[in-house]
Amino acid sequence: LSLRFVFPLLSLEGEVFWKILTSPVEYKNYLFTRFALLFIIILIISVLLNIFSTRFYPAIITYISVLLSFLVTLCLTSINFGMGNIFVNFKENNPIRISSSHGAVISFLICLIYLVTLIIILFNPAYTFFDSIRKGLQPEVNYFLVPVIIIAVVSAILSYVFLSFGANRKET
């Protein structure tokens with residue numbers, strides 16, 4: 001969703017983008033508003049999917065899953081929003097073409113690397129948690145503490161970096 005709808009967002013402003021730059025609205029406020037709206041929409045979809053897909057698991061899995069969903073949605077939306085600002089193309093009107101451009105491919109690969117890294121970080125804690133349930137033992141929630149902190153820090157850093165690059169790109 002993020003690559004398809006967030007990446008081409010500013011490019012779809014087209015050649016009237018200069019009106020936005022000359023308006024009394026500060027450019028960074030404009031970007032934040034656009035980002036926040038898309039982030040909230042994608043977050044709602046993500047959280048609802050997460051709640052429905054984890055409803056048969058222990059409640060702690062749902063809570064951790066919703067937290068991770070928030071972090072992943074923030075990071076993926078930030079990556080695609082920032083990369084969409086870096087690789088903006090005001091002459092293209094077709095969002096499908098914008099979403100399959102060279103910049104979009106780079107954005108997709110960055111998102112893919114991020115998601116694979118999350119899977120690697122969460123594999124052992126999830127395996128240990130569900131293995132202890134399988135063995136009839138009381139699972140420890142502490143298995144997820146350090147990985148969630150690592151994911152939160154990485155997601156926050158990536159979100160900040162990509163949003164900063166995207167916001168600074170248009171000012172030049």
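Because the structure is a prediction, the values reported are computed rather than measured. (Residues numbered from 1 in each chain as written. Predicted model: local features only at pLDDT ≥ 70, side-chain atom pairs only at ≥ 80, totals over all residues. Heavy atoms only, no water.)

## Observations regarding the environment of Val-154
For clarity, the threshold we go by: A helix here means a DSSP run of H or I that spans at least four residues, while a strand means a run of E at least two residues long, and both kinds are numbered starting from the N terminus.
Of note, Val-154 is situated in helix α7 (residues 145–171). Between the C-alpha atom of Val-154 and that of Leu-71, which follows or precedes it by 83 residues, the distance is 9.4 Å.

## Here's the deal with the nonpolar core
Soluble globular proteins: nonpolar side chains tend toward being buried together. Here is the rule: We call a set of buried residues a nonpolar core when its members are Ala, Val, Leu, Ile, Met, Phe, Trp, Tyr or Cys and they connect through side-chain atoms within 4.5 Å of each other. The buried label applies to any residue whose accessible area, calculated with a 1.4 Å probe on protein chains only, is under 20% of its type's maximum; exposed applies above 50%, and partly exposed to all values in between. Between two residues, a contact is recorded if the distance between any of their heavy atoms is within 4.5 Å.
Leu-68, Ile-79, Tyr-114, Phe-144 and Ile-151 are the most contacted members of the largest nonpolar core, which has 21 residues in total. Here Ile-79 is in contact with Ser-107, Ile-110, Cys-111 and Phe-162, once residues within four sequence places are set aside. Core analysis: the next-biggest nonpolar cluster, separate from the first, contains 17 residues, Val-6, Phe-35, Leu-38 and Leu-43 among them.

## Quick notes on the environment of Pro-139
With respect to the helices and strands, Pro-139 occurs in the loop between α6 (102–134) and α7. Separated by 104 residues in sequence, Pro-139 and Phe-35 have C-alpha atoms that sit 38 Å apart. Filtering out sequence-adjacent residues up to four positions away, Pro-139 remains in contact with Phe-129, Ser-132 and Ile-133.

## Quick notes on α6
Selection criterion: To estimate the expected span of a helix, count its residues, drop one, and scale the result by 1.5 Å. Axes are fitted to the seven residues ending at a residue and to the seven starting at it; the angle between these axes is taken as the bend at that residue.
For α6, which comprises 33 residues, the first-to-last C-alpha distance of 46 Å matches the rise-based estimate of 48 Å (1.5 Å per residue) to within 8%. At Leu-122, α6 shows its maximal bend, which comes to roughly 40°, and the proline Pro-125 appears one to four places after that position. Those residues of α6 lying buried are Gly-103, Ala-104, Ser-107, Cys-111, Tyr-114, Leu-118, Leu-122, Pro-125, Phe-129, Asp-131 and Ser-132. Trailing α6 by a residue or two, Gly-136 shows a phi angle of about 85°, which is positive.

## Looking at the pattern of salt bridges
To be explicit about the condition: The rule for a salt bridge is simple: a side-chain nitrogen of Lys or Arg has to be within 4 Å of a carboxyl oxygen of Asp or Glu.
For the structure on display, the rule yields 2 salt bridges. Residues Arg-134 and Asp-131 are paired through a salt bridge, measuring 2.7 Å at the closest nitrogen-oxygen approach. Of this pair, Arg-134 and Asp-131 both sit in helix α6, 3 residues apart, roughly one helical turn. Since its relative accessible area comes to 63%, Arg-134 is described here as exposed. A salt bridge links Asp-131 to Lys-135; the shortest N-O distance between them is 3.2 Å. Judged by relative accessible area, Asp-131 falls into the buried class, the value being 14%. What you see here is one network of salt bridges that share partners, running through Asp-131, Arg-134 and Lys-135.

## Topic: the packing of aromatic side chains
As a reminder, the rule being used: Any two of the Phe, Tyr and Trp rings considered here, Trp counted by its six-membered ring, make a pair once their centres fall within 6.5 Å; the pair's planes then place it as stacked at under 30 degrees, edge-to-face at over 60, or tilted in between.
Going through the model one piece at a time under the given rule, you end up with 7 aromatic pairs. When the ring of Phe-123 is compared with that of Tyr-127, the centres are 6.1 Å apart and the planes differ by 15°; the resulting orientation is stacked. Note that Phe-123 and Tyr-127 are positioned in helix α6 at a spacing of 4 residues, about one turn of the helix. Taken together, the ring pairs connect Phe-35, Phe-39, Phe-70 and Phe-81 into an aromatic cluster.

## Some remarks on the environment of Phe-70
Structurally, the position occupied by Phe-70 is in helix α4 (residues 59–86). The class of Phe-70 is partly exposed, set by a relative accessible area of 33%. With 16 residues separating them in the primary sequence, Phe-70 and Thr-54 have C-alpha atoms 15 Å apart. Sequence-distant contacts of Phe-70, that is, excluding residues within four places in its chain, are made with Phe-39 and Leu-43.

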